[in-house]
Number of protein chains: 2
Amino acid sequence: MDGKNVTDLESEGPGTGTLGKAMAVLEAVATADRPQRFTDILQSVGQPRGTLHRLLGHLVDEGLLVQRGDLSYEPGLRLLKLAYRSWSGNQFRDIAEPHLLRLHEMTGETVHLGILRETEIIYVDKVESRQTVRMSSQIGKASPAYCTGIGKAALSSLAQGELERIAAKTQFVAFTERTHRSAMSLLGEIEEIRREGHAFDREEHEAEICCVAASIVVPEHELVAGVSVTGPSYRVTMTQLAAWAADVRNAAAKIEEEARIRLGPGRGGR
Amino acid sequence: MDGKNVTDLESEGPGTGTLGKAMAVLEAVATADRPQRFTDILQSVGQPRGTLHRLLGHLVDEGLLVQRGDLSYEPGLRLLKLAYRSWSGNQFRDIAEPHLLRLHEMTGETVHLGILRETEIIYVDKVESRQTVRMSSQIGKASPAYCTGIGKAALSSLAQGELERIAAKTQFVAFTERTHRSAMSLLGEIEEIRREGHAFDREEHEAEICCVAASIVVPEHELVAGVSVTGPSYRVTMTQLAAWAADVRNAAAKIEEEARIRLGPGRGGR
DNA sequence: AAGCGTTGTTCCACATAATGGAACATCTCC
DNA sequence: GGAGATGTTCCATTATGTGGAACAACGCTT
C-alpha cells in the first residue's frame, strides 16, 4: 500500500501497523519545541495528507493531542496521566533515590538518573541544588546517548555487537565543538570508558556543562542505566569531576546491587 | 465485528478506530496499580483474545508497554518521554506557578493545581511543605472530580448542561463516609459552591485529608482548572480552611486573569 | 507421572477500517 | 481579486486488523 514506511526514521520499523504511524505523529509533535501546524507534521512524518488528517483527528479525539485556536497541535493532558504510573510505579527509581540523595550531599551538585532506550537516555530522576524548583524540569526528558555522560557510560556496558548496532543507528549532531561527530570517534572513547569504569561529558551536549557518570546494569531486567554528577564548568573543574568519579562508581554499584536483589529474578524464566 | 465496543467504559466512545482500542488497553495497564497479566487485561478491556494479543504486541514494540519476566505488562518508558513536553511546555502551569508559591507561603500547606478532563482532575503542579521530596508524587495523577476540592470547584464553573452530562457519566465510588454517593447529592453541593465561589473537600476522597479550592476558567482555551490548599485534618480545621478561602479565590482569579492575557485569543478564531 | 484446568500463543478466512490521490474549501498576502 | 499557500473532505481500493477456534505451555492435583 505504502512504498515508504519501510524506511526506518528512528522507530522500530515495520510490524507495528497503524499504531506505529499514530505514534510517529505523536512523537513528532511531542519532540518539537513549539506547537506544530499541519504542514510541519506533514513534513516530519512522511504520510499522505488524507491519512495524516485522519490520524490527527483520532489523536485529538483520544486526548493525546490538543488542537489550539491557530490550528496547531500540542501534546495533550492524557499523556501526563498515562505517564504517571510509568514514573510513580517505577521501582527502580525508588531503589536508586536514597543513593542519589547521598551523592548529592557529598558533591553539592546536580545528580541525574537515566535509563538507556536505544539511542537515547531518558532521565527518570534528578536531585538538584536545594532550590525552590519542585518537579525537576528534566524528568522524562530524552537526550542522545552519544554525547551525555550517562549515555556513554550506559553504552560502554553493552556487548560490542549491541553497541555497534546502536552507534550505527545514531545521528551525530554537533551540539558543541567537542561533540562526537562519528561512530568511530564515539567507539574510541567507549573503549577508554570501559577501562576507567566511568564516563565524562566534557561540554559535549551543552556548552559550559560537564559531568561524570557510571553505568548501572541489571541484565535480568534488560535494564541499562546510569547515574551522573553534573555541574557548570565555571564551578566544577575536570579535576574535581575526576575526584568524584569513585563516588559515582560506588553509588552506581550500590544501586545495581540493590536493584538486582529487590527487582527479583525478572525475565530469567523466559 | 464486535458487539461490545459500543458501550462506553469511560473513554470518548466510538469513532476512534484501532487507536482507540490500543489506548483503552494502555489506559487499563497504566491505571491499574500493579502489573497486569494477559488475563487481567482481557477482563478490563472487552476484546477477544486474538485481538488483544496482537494489540499488546504492538504496544510493546512501540515501547508504550514493557513485558516483564512473569509475562505481566507495565507502562513503558516511552510514555514518560512523550509526556515530558505536555508538562514542561505547559504555559498554563508556568503562569500559575508564582501564584501557587505565594499561596503556599501564606498558608504553609500543600498547594495543588489541577485541570479538569471530563470526569477527572489531572494534577499538573504541586507545591508542598519544604521537604526533600523532589518530583512531587502527584504530577500527572488523575483523581475523580466529584470528590476532590479542585474537581468540585471546576465542575461548579461549567454550564449546567455540561455539568449534568459529566455527573451522569460519573461512577460514584464511596471512598470515605463523606463521599458523594449520587449525582443528585453532588449537584446539590455544586449549587452551594457556585454561591460561595469556593469548594471544600471534607475528607471525601481520603480520610484525614481536607482542602479548599477555587476554579480557574479560560473559555478561550476550553480550559477548566482549579487551585487548592490541602492539609491533614488534625492540623487544619475547617475554620482554618474557611479563613483561607478568600486567598484561594484570589489566587485563582489572578491566575485566570493572567492566563487570559498571556495565552492569547485562543480558539476564538475558529 | 498421568490428567485437568488455567493461561498464553498462533492461525486464517473475512470484512472492517485505514489508505492516499485528487478535488474542494479557506485563508493570506500581494 | 487573483495566485499560493494551507487545511479539509471524498471515495474507490485493499491492506490491516478482526476474532473464533485450535494449539501449546505451563502449574496443580490426584
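Now for a quick tour of the structure.

Rules behind the numbers
Residues numbered from 1 in each chain as written. Chains lettered and ligands numbered in written order. Predicted model: local features only at pLDDT ≥ 70, side-chain atom pairs only at ≥ 80, totals over all residues. Heavy atoms only, no water. Contact = heavy atoms within 4.5 Å. Buried area = accessible area lost by both parts, 1.4 Å probe. Salt bridge = Lys/Arg side-chain N within 4 Å of Asp/Glu carboxyl O. Polar contact = N/O pair within 3.5 Å; in protein donor to acceptor, adjacent residues only side chain to side chain. Helix = DSSP H or I, 4+ residues; strand = E, 2+ residues; numbered from the N terminus. Buried < 20%, exposed > 50% of the residue type's maximum accessible area, 1.4 Å probe, protein only. Pairing = 2+ DSSP bridges. 1 Å grid on protein atoms, 1.4 Å probe; cavity = no way out; pocket = protein on both sides within 12 Å on 5 of 7 lines; lining within 4 Å. Points joined across faces, edges and corners; volume = space filled by probe spheres on them. Nonpolar A, V, L, I, M, F, W, Y, C, P; charged D, E, K, R; others polar. Axes fitted to C-alpha atoms, helices over the stretch in contact; angles between N-to-C directions.

## Considerations on the interface of chain B and chain A
Many authors give the size of an interface as the accessible area that is lost as the parts come together. Tallying the contact residues gives 60 residues for chain B and 59 residues for chain A. Carbon and sulfur atoms make up 61% of the area that chain B and chain A hide from each other, which totals about 5900 Å². The interface formed by chain B and chain A holds six salt bridges in total. Notably, a salt bridge pairs A:Lys81 with B:Glu120, separated by 2.9 Å at the nearest N-O pair. Counting the contacts that link chain B with chain A gives nine residue pairs in polar contact (both at pLDDT 80 or more). Broken down by secondary-structure element, the contributors of at least two residues to the side of chain B that touches chain A are helix H1 (17-31), helix H3 (49-61), helix H4 (77-88), helix H5 (91-107), strand S3 (110-117) and strand S4 (120-127) of chain B.

## Overview of the pairing of strand S7 (residues 209-218) of chain A
Residue and element names in this part refer to chain A. Among the 10 residues of S7, eight are classified as buried, and the element is accordingly described as predominantly covered. Here strand S6 (residues 199-202) pairs with S7 via four bridges, running antiparallel. Considered in S7, the bridge of Asp201 is made with Cys211. Counting the residues between successive antiparallel strands, the hairpin from S6 to S7 contains six residues, one of them, Glu203, with a positive phi of roughly 55°.

## Concerning empty space enclosed by the protein
If you walk through the whole model with that rule in mind, you get two cavities of 30 Å³ or more. In this structure, the second largest cavity spans a volume of roughly 40 Å³. What lines the second largest cavity is simply A:Met23, A:Leu26, A:Leu64, A:Leu79, A:Leu82, B:Met23, B:Leu26, B:Leu64, B:Leu79 and B:Leu82. Those elements that place two or more of their residues in the lining of the second largest cavity are helix H1 (17-31) and helix H4 (77-88) of chain A together with H1 and H4 of chain B. When its residues are assigned to classes, the lining of the second largest cavity shows 10 nonpolar, no polar and no charged.

## Thoughts on the sheet that holds strand S7 (residues 209-218) of chain B
Pairing is antiparallel in the open sheet, where six strands are placed in the order S5-S4-S3-S8-S7-S6 (chain B). Each having just a single partner strand, strand S5 (142-144) and strand S6 (199-202) of chain B make up the two edges of the open sheet. Pairs of neighbouring strands in the sheet enclose a mean axial angle of 35°, with direction left out of account. H4(A) contacts S3, S4 and S5 of chain B of the sheet and is inclined by roughly 75° relative to S4(B). Relative to the sheet, H5(B) contacts S3, S4, S7 and strand S8 (223-232) of chain B, its axis offset from that of S3(B) by approximately 145°.

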